[in-house]
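Given next are the chains, with one letter for each unit.
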Amino acid sequence: MGQSDLEVLIEMGFEKARAEIAVKKTGGLQGALQWLEDNQDKPLEEITSSAKDDETNPSIEPAPLQEGEVARSMVCNECGRKFRSMAQAEFHASKTEHVDFAESTEEIAPLTEEEKKARLEELRAKNAEKKAKQAILDKEEQRKNEKIRMKSTKEVQDIKEKLAQQEQIKAAAAKRQEKLNDIAAKKRIQEKIAADKEARRLKAEAQKAEREGRAPPPDPSLAAAAAASSVGSGSGSVKKEVTEARLRLQTAGGVIQKTFPVETTLFEVGQSLVAENGGVEVESFTMTYPKKTFSGSVDFGKTLKEAGLTPSAVLIVK
C-alpha cells in the first residue's frame, strides 16, 4: 500500500499540522507543495484560523479525478503555469494579477520522487536564504542601535562631567568668598578693639592733663584727616588701592565692556556672559599680551586680582 500525500509531505520534512492543512485545502500532493511554498512565511495560528473557511477559499484543490472522468486543466498564458482546476487558476490570478488563462484537456501528472525532492530542496534553499538575509538585517539594526546607545551614553557623561566641573568652580568661589568674608570680619573686630583701646587711652590722658592743669593731647583722628588732605594735594606718591577691574571682552556676538569688583572670579565673569555668548557656557579667556589663557576649574576659581587682570584687561572669550 502506497503512502498517502500527508505521509509523503511529513517524510519530506514538513510540519505535520501545516501538511494536514495543505492537503485539506488543495486535495493533492502537487497543490499541497505549492500551497506550502506560498504560505511558508505565515504563522501556524493564522493558517489554522483561516482553515475554517476551506469551503469558500479559492486555493482549495478539488479531489483527484475519479476513474472515467475527463481530465481538465487550466494554463496561464502569461507565465505558462498549469493548474488542475479553475479554483487553483483563480487563486493564482488573485496572487499574481494574471488574467489570461486557457482551458486544456491535458491532465497534470503528479510529481515524481525526484521532482518532489527537488521541490523540497528549492523550498528549503529559499527559506535558508530568507533567514540569512534577515540575520544580516538584524545584525545591522543591532549595530546601529549600539552606536546610538554609545553616542547617547557619551553625551550624557559629557554633560555630567561639565555640570560637575561647574559645581566645583562654584564651590571654590563660594569657599573663597567665605574666607574673604571671615578675614574682613576679623579685621573689623580687631580695628574696633584697637579703636576702643585707643579711645580709653586718650580719655585717661585727657583726664590726667586736666588734673595737672595741662592742655589735653591732640585728637589723632583730626591729625589723620589732615595727613590725608596733605597727601591728596601733594605729589600723589601714595598709590590708591584698586577695587574694580575694567574688562574689554571679545565674544562671538561682539565686543562688550564691563566693570567688576576685583574679588570677582573668572567663573562669575563667564556666567555673566552666557546670554551675550549665544547661551553657550564660557570655556576660556585669553589675553593677547602677554599671551595667556585661563581655563579649567583652577583658573576659573581665581579672582580678577589674582589673575592679574586689574585695573583693566582685554580678553578673548571662547
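None of the values given here were measured: they were computed from a predicted structure.

**Topic: helix H2 (residues 16–26)**
Count 3.6 residues to each turn of an α-helix, and residues three or four apart come out pointing the same way.
1) Next: By the burial criterion, the buried members of H2 are Arg 18, Ala 19, Ile 21, Ala 22, Lys 25 and Thr 26. Burial along H2 is one-sided: seen end-on, the buried residues are contained in an arc of 165°. Turned more than 90 degrees from where H2 packs its buried face, Lys 16 and Lys 24 sit exposed.

**What to know about the pairing of strand S1 (residues 73–76)**
1) Next: Of the two faces of S1, the one holding Ser 73 and Val 75 and the one holding Met 74 and Cys 76 are both buried throughout.
2) Next: Strand direction decides the pairing type here: S1 and strand S2 (residues 82–83), joined by two bridges, are antiparallel. The partner of Met 74 across the bridge, within S2, is Phe 83.
3) Next: The antiparallel pairing of S1 with S2 creates a hairpin that spans five residues between the two strands, and Gly 80 there sits at a positive phi of about 85°.

**Describing the sheet that holds strand S7 (residues 292–295)**
1) Next: Within the open sheet, the five strands sit side by side as S5-S4-S8-S6-S7. Their pairing is mixed. If you trace the sheet from one side to the other, it starts and ends with strand S5 (254–261) and S7, each paired once. Averaged over all pairs of adjacent strands, the angle between strand axes in this sheet comes to 30°, irrespective of strand direction.

**Examining the nonpolar core**
1) Next: Ranked by size, the top nonpolar core spans 21 residues in total, and within it Leu 247, Leu 273, Phe 285, Leu 304 and Leu 309 carry the most contacts.
2) Next: Elements supplying a minimum of two residues to this core: strand S4 (244–251), S5, helix H8 (266–272), strand S6 (284–287) and strand S8 (312–317).
3) Next: For Leu 247, the contacting residues outside a window of four places in its chain are Ile 256, Gln 257, Lys 258, Phe 260, Val 269, Leu 304, Leu 309 and Ala 313.

**Topic: the confidence of the model for the protein**
1) Next: Residues at a pLDDT of 70 or more form 81% of the protein, whose mean pLDDT is 79.
2) Next: No element of the protein has a lower mean pLDDT than helix H7 (residues 220–233), at 56, and none a higher one than S6, at 92.
3) Next: Considering only residues more than four positions removed or in separate chains, one finds that residues 54–71, a stretch of pLDDT under 50, has 34 contacts.

**Some thoughts on the pattern of salt bridges**
1) Next: Considering all chains together, one arrives at ten salt bridges under this definition.
2) Next: Between Lys 192 and Asp 196 there is a salt bridge; the shortest N-O distance is 2.9 Å. Taken together, the positions of Lys 192 and Asp 196, both in helix H6 (residues 113–212) and four residues apart, correspond to about one turn of that helix.
3) Next: Judged by its relative accessible area of 30%, Asp 196 falls in the partly exposed class.
4) Next: The closest approach of N and O atoms between Glu 198 and Arg 201, which form a salt bridge, is 2.4 Å. You can see Glu 198 and its partner Arg 201 sitting in helix H6, three residues apart, about one turn around the helix.
5) Next: What makes Glu 198 partly exposed here is its relative accessible area of 30%.

**Some points on the sheet that holds S2**
1) Next: With antiparallel pairing, the three strands of this open sheet are ordered in space as S2-S1-S3. The sheet is open, and its two borders are formed by S2 and strand S3 (101–104), each paired with just one other strand.

**With respect to helix H5 (residues 86–96)**
1) Next: Within the sequence span of H5, burial applies to Gln 88, Ala 89, Phe 91 and His 92. Down the axis of H5, the buried set is contained in an arc of 160°. They therefore lie on one face.
2) Next: Its buried side turned inward, H5 meets helix H3 (29–38), S1, S2 and S3.
3) Next: Glu 97 occupies a position one or two residues after H5 and carries a positive phi of about 65°.

**Quick notes on unusual backbone geometry**
1) Next: A cis amide bond, omega -10°, links Tyr 289 with the succeeding residue Pro 290.
2) Next: Note the cis peptide between Thr 310 and Pro 311, where omega equals -5°.
3) Next: As for its placement among the helices and strands, Pro 311 is situated in the loop between helix H9 (296–300) and S8.
4) Next: Located in the positive-phi region is Glu 97, a residue other than glycine, with phi close to 65°.
5) Next: Looking at the element boundaries, Glu 97 is found in the loop between H5 and S3.

Rules of the game
Residues numbered from 1 in each chain as written. Predicted model: local features only at pLDDT ≥ 70, side-chain atom pairs only at ≥ 80, totals over all residues. Heavy atoms only, no water. Buried < 20%, exposed > 50% of the residue type's maximum accessible area, 1.4 Å probe, protein only. Helix = DSSP H or I, 4+ residues; strand = E, 2+ residues; numbered from the N terminus. Arc of directions from axis to C-beta. Pairing = 2+ DSSP bridges. Axes fitted to C-alpha atoms, helices over the stretch in contact; angles between N-to-C directions. Core = buried A, V, L, I, M, F, W, Y, C linked by side-chain atoms within 4.5 Å. Contact = heavy atoms within 4.5 Å. pLDDT = per-residue confidence, 0-100. Salt bridge = Lys/Arg side-chain N within 4 Å of Asp/Glu carboxyl O.

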